[in-house]
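Coordinate inspection notes
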Amino acid sequence: MKLASRNIRQSMSNFLPFGLSSVVMFLMNLMIATILFSPSLKKLPGWGNFAMLLGLGLIVLTIFATIFMVYSYRFLLKRRTKEFGLYNILGLKKRHIARISILELLMMFLVTVVIGTILGIILAKFLYLFLIHLVGENYFDLQWSPLAVGIVTIMFACIYLLLMIISSCSIHRHSSLELLHNASKGEKEPKSRGILALLGIIFLAIGYYLALTVASPLDALTKFFIAVLFVIFGTLLFYMSFTIWLLKRQKKNQHYYYQPKHFITVSSMLYRMKQNAVGLANITILVTMTFVTLATTVGLFSSINGFLDDHFVRNTTITIHATEPRSTALIEQVAEKNGIPLKNEISYELSPSLIGTMKDGTFKNKQNLSDLTSVNFMTAKTYERLTGRTINLKGSEAIAYPAVGSLIENKVTFGNHTFEIKSKISGIRNFPSISMTASNWLILIVSNKEQIQPILADAAKAMGSPNKLGFETTISADMTTTDAKTLQTALSDYRANGDKPIRHINQDKKSTPEGMPPTFERYDDMHEQLLSFAGGFLFIGLILGFTFILGTALIIYYKQISEGEQDKRSFEILQEVGLSSEEVRQTIRSQVLLVFFMPIAVAIVHFGFAFIMIQKLISLFGTTRFGLLLLTSTGTIAVVAAIYYIIYKQTSRAYYRIVER
């Protein structure tokens, strides 16, 4: 016990980075768990969404903490192998060395739990205030949850148990001489593997192709994880094989290679690239994850108001499954009876949404997630009343309004019924410009209802419904929250069933009338729901983004220290054979710049190809604003790049101090 505690005190420079990463990982998990398991969370509207997102974030953080702490401890273990070898030579058996290592980990675990718990309980309150501010609530009292401390402590106990197993296996696997020389053991020059290099480029090309060719948001959802896997494996092979192949090609180019700065840089990078490759790939993947996480969550949060403005013509929307004359008469009658004013009232008839697949202008009643299309029909009479414009449609002519997505065909076919597209329009006044039902939304304006009835009958048959589909009426008006709730309560007792009269449930005492009650949508209600979801999503995104940046910084720091120690002797030899200090410094600088900025450059390329897929994924939640997403993505890249540069400046100093010592 004394030897273990003395080792920690005397090797603080080695233990401190691992200890800090352990405390920070415990702290981040505890803050999320405290909010997740606090009774205060249930007092917030839409707390179920928060709980789901926080639970998902806790799982991701736990997985990341496990991977990162294993990476951090293996670095610490490698720096102490010489010390363990000396212990073995001086008479300690391997089981004694393993016991010392386990005791050190137990001490680090206790310190992590104590410091992490104290800081976690304090900082969780500030984090909760930030969450409340994001979702626009005013309940600021966060109750402490002992369950959260217990769960996170158990999770980290499992992680430390894994580290103990890794330590014991490493000590028992190596001999005394191997332990003594392992810390300074160099890497052999890697072989050029052209096939693996080509495979890495192919994997990246497949991932990029999947990202660029997504046809719809649901298609992006199904292809996203496949593309991510190809890009991850492609990135690993790119660094482990392609960069080595490229360096070998540069080495064969005598005119390029036999120059002092090129000779030293290429030789050094080639000699150690096998070891550097994994670290560079990890950094690239973490930076890309940071870009994607922050850009997606910030873009989603910032687009809420724009989506609602596109979806709502007035602040209240009522949909009734009945004809327009009957629907408007009912609404006006009930509103007048309850003294509710309807301001700026607008109404229109629309067919039910036909959900299926549109390919080459042919609609099929089967749902394909890669190209899900919603089609609604509107009569020319309704269009003229909404816009004030007169149109003349003959026979099977139709006007197309692709509200979401595009339509390039001049004909649209539904079974045996074909419509000739007379013209295409870019919008309809007093009509929503976005839908939440499918990836693509097409409005077809036709001459009359009779043209649509056979198509609706076929759709009802395909759905297995015995009832025929009838037109629905949407009524939009501005009213106060109180009036909207009163009207909704009064209308909840009515049932509408297509062309049949709208009936009150008390009108026929023998049975409840068939049909559906009117449905309500309120701007403020939906704003609250979306804000709670997007705010929670942004909250988790910022937490994960911060964690990924922290992981990036520590991996870079570890890599700089290990490379500095390996390169120190090499540059001493170069100075001894005649290279000046200034030339050594220039060589060091060029190598450090290459190693540092290659990952962020590759990460920006990854994100550039992923941008279209991210836009499609965000549109699942309603937004399709390309300019806003581009702006938030550019801002995210700029901020992360600035933080990355600060990390570079700070960690490169440690490298210079070691090499120039």
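Note that the structure is a prediction, hence the values are computed from the model and not measured.

Notes on the environment of Phe471
Considering the arrangement of structural elements, one finds Phe471 in the loop between α15 (453-463) and β10 (472-478). The spacing of Phe471 and Gly498 is 27 residues in sequence and 6.7 Å in space, taken between C-alpha atoms. For Phe471, the residues in contact, after removing those within four places along its chain, are His321, Ala322, Glu349, Leu350, Ser351, Pro352, Phe377, Thr379, Lys449, Ile452, Gln453 and Leu456.

Overview of the side chain of Thr474
Examined against the element boundaries, Thr474 turns out to sit in strand β10. Thr474 sits in the buried class, given a relative accessible area of 10%. When sequence neighbours within four positions are dropped, the list of residues in contact with Thr474 reads Thr317, Ile318, Thr319, Ile346, Ser347 and Tyr348.

Some details on the side chain of Asn29
With respect to the helices and strands, the residue Asn29 is situated in helix α2 (residues 12-37). Judged by relative accessible area, which is 0%, Asn29 ranks as buried. The contact partners of Asn29, leaving out residues within four places of it in the chain, are Leu58, Leu61, Thr62, Ala65, Val152, Met155 and Phe156.

A closer look at the packing of aromatic side chains
Going through the model one piece at a time under the given rule, you end up with 16 aromatic pairs. Where Phe312 meets Tyr523, the ring centres are 5.8 Å apart and the plane angle is 65°; that geometry is what we call edge-to-face. In this pair, Phe312 sits in the loop between α12 (304-311) and β1 (316-320) while Tyr523 sits in helix α17 (residues 523-576), placing the two residues 211 residues apart along the sequence. Across the pair, exposure class does not vary: Phe312 and Tyr523 are buried alike. Aromatic side chains Phe377 and Phe419 sit 6.0 Å apart centroid to centroid with 45° between the ring planes, which places their arrangement in the tilted category. Of this pair, Phe377 sits in strand β5 (residues 372-379) while Phe419 sits in strand β8 (residues 417-424), and the two are 42 residues apart along the sequence. For Phe419, a relative accessible area of 3% corresponds to the buried category.

Remarks on the sheet that holds β8
As summarised here, the arrangement of the 7 strands in space is β3-β4-β7-β8-β6-β9-β5, forming a closed barrel in which the pairing is mixed. Ignoring strand direction, the axes of neighbouring strands in this sheet form an average angle of 40°. In the packing of helix α14 (residues 380-387) onto the sheet, contacts are made with β5 and β9 (440-446), and the angle to β5 comes to roughly 85°.

Some remarks on the sheet that holds strand β2 (residues 343-350)
Spatial ordering of the open sheet is given by β2-β10-β1-β13, a layout of 4 strands whose pairing is antiparallel. The sheet terminates laterally at β2 and β13 (519-522), the two strands that pair on one side only. On average, each strand axis in the sheet is tilted by 15° relative to the strand beside it, whichever way the strands run. Across 6 bridges, β2 lies against β10 in antiparallel orientation.

Side note on the packing of helix α13 (residues 324-337) against helix α16 (residues 481-491)
α16 packs onto α13 with a crossing angle of 115° between their chain directions and a minimal axis gap of 10 Å. Of the two elements, α13 crosses α16, and the hand of that crossing is right-handed. Residues Leu330, Ile331, Val334 and Ala335 of α13 pack against Leu487, Ala490 and Leu491 of α16. Of the residues that constitute the contact of α13 with α16, the class distribution is 7 nonpolar, no polar and no charged.

With respect to the pairing of strand β3 (residues 354-359)
If a strand is regular, its side chains alternate between the two faces of the sheet. By the bridge criterion, 4 bridges tie β3 to β5 in an arrangement that is antiparallel. Directly across from Thr357, in β5, lies its bridge partner Leu372.

Comments concerning the pattern of salt bridges
Taken as a whole and assessed by the stated rule, the structure comprises 4 salt bridges. Ionic pairing is found between Glu324 and Arg385, a salt bridge with its closest N-O pair at 2.5 Å. Taken as a pair, Glu324 in helix α13 and Arg385 in helix α14 lie far apart in primary sequence, 61 residues in all. Given a relative accessible area of 11%, Glu324 falls into the buried group. According to the relative accessible area criterion, Arg385 is partly exposed, its value standing at 43%. Across the salt bridge formed by Glu349 and Lys449, the nearest N and O atoms sit 2.7 Å from each other.

Looking at the confidence of the model for the protein
Summing up the model confidence of the protein, the mean pLDDT is 78 and the portion of residues at 70 or higher is 77%. In the model of the protein, helix α7 (residues 176-182) stands out as the element of lowest mean pLDDT, 53, in contrast to β1, which has the highest, 89.

So, a nonpolar patch on the surface
There is a patch of nonpolar side chains on the surface, built from Val111, Val114, Ile115, Ile118, Leu119, Ile122, Leu123, Phe126 and Leu129 and spanning about 760 Å² of accessible area. Following the sequence through the fold, Leu129 ends up in helix α5 (residues 94-135). Relative accessible area serves as the criterion here: at 36%, Leu129 is assigned to the partly exposed category.

Description of the environment of Met516
In this structure, Met516 sits in the loop between β12 (503-504) and β13. You can call Met516 partly exposed: its relative accessible area is 44%. Spatially, the C-alpha atoms of Met516 and Asn497 are 6.6 Å apart, while their sequence positions differ by 19 residues. Ignoring any residue separated from it by four or fewer positions in sequence, one finds Met516 in contact with His321, Tyr494, Arg495 and Ala496.

Quick word on the pairing of strand β6 (residues 397-404)
With 6 of 8 residues buried, β6 lies mostly within the body of the structure. One ladder, built from 4 bridges, connects β6 with β8; its direction is parallel. Looking at the pairing, Glu397 lines up with Glu420 of β8. As judged from the 5 bridges shared by β6 and β9, these two strands associate in the antiparallel manner. Across the sheet, residue Pro402 finds its bridge partner in β9, namely Leu442.

Focus on α16
Here α16 has its buried residues at Asp483, Ala484, Leu487 and Leu491. For α16, the angular spread of buried residues about the axis comes to 100°, placing them on one side. Residues Thr482, Lys485 and Thr489 are exposed on α16 and point more than 90 degrees away from its buried face.

Remarks on the nonpolar core
Soluble globular proteins: nonpolar side chains tend toward being buried together. Phe156, Ile428, Phe431 and Phe539 are the most contacted members of the largest nonpolar core, which totals 120 residues. It is α17 that contributes the most residues to this core, 20 residues altogether. Setting aside its immediate chain neighbours within four residues, Ile428 contacts Met378, Tyr383, Leu386, Thr387, Tyr401, Ile443 and Ile445.

Thresholds applied
Residues numbered from 1 in each chain as written. Predicted model: local features only at pLDDT ≥ 70, side-chain atom pairs only at ≥ 80, totals over all residues. Heavy atoms only, no water. Helix = DSSP H or I, 4+ residues; strand = E, 2+ residues; numbered from the N terminus. Contact = heavy atoms within 4.5 Å. Buried < 20%, exposed > 50% of the residue type's maximum accessible area, 1.4 Å probe, protein only. Phe/Tyr/Trp six-rings, centres within 6.5 Å; stacked < 30°, edge-to-face > 60°. Pairing = 2+ DSSP bridges. Axes fitted to C-alpha atoms, helices over the stretch in contact; angles between N-to-C directions. Left-handed = near helix turned anticlockwise from the far one by under 90°. Nonpolar A, V, L, I, M, F, W, Y, C, P; charged D, E, K, R; others polar. Salt bridge = Lys/Arg side-chain N within 4 Å of Asp/Glu carboxyl O. pLDDT = per-residue confidence, 0-100. Patch = residues over 30% accessible without salt bridge, like charges linked within 9 Å, V, L, I, M, F, W, Y side chains within 5 Å. Areas by Shrake-Rupley, 256 points an atom, 1.4 Å probe, with all protein chains shown as cover. Arc of directions from axis to C-beta. Core = buried A, V, L, I, M, F, W, Y, C linked by side-chain atoms within 4.5 Å.

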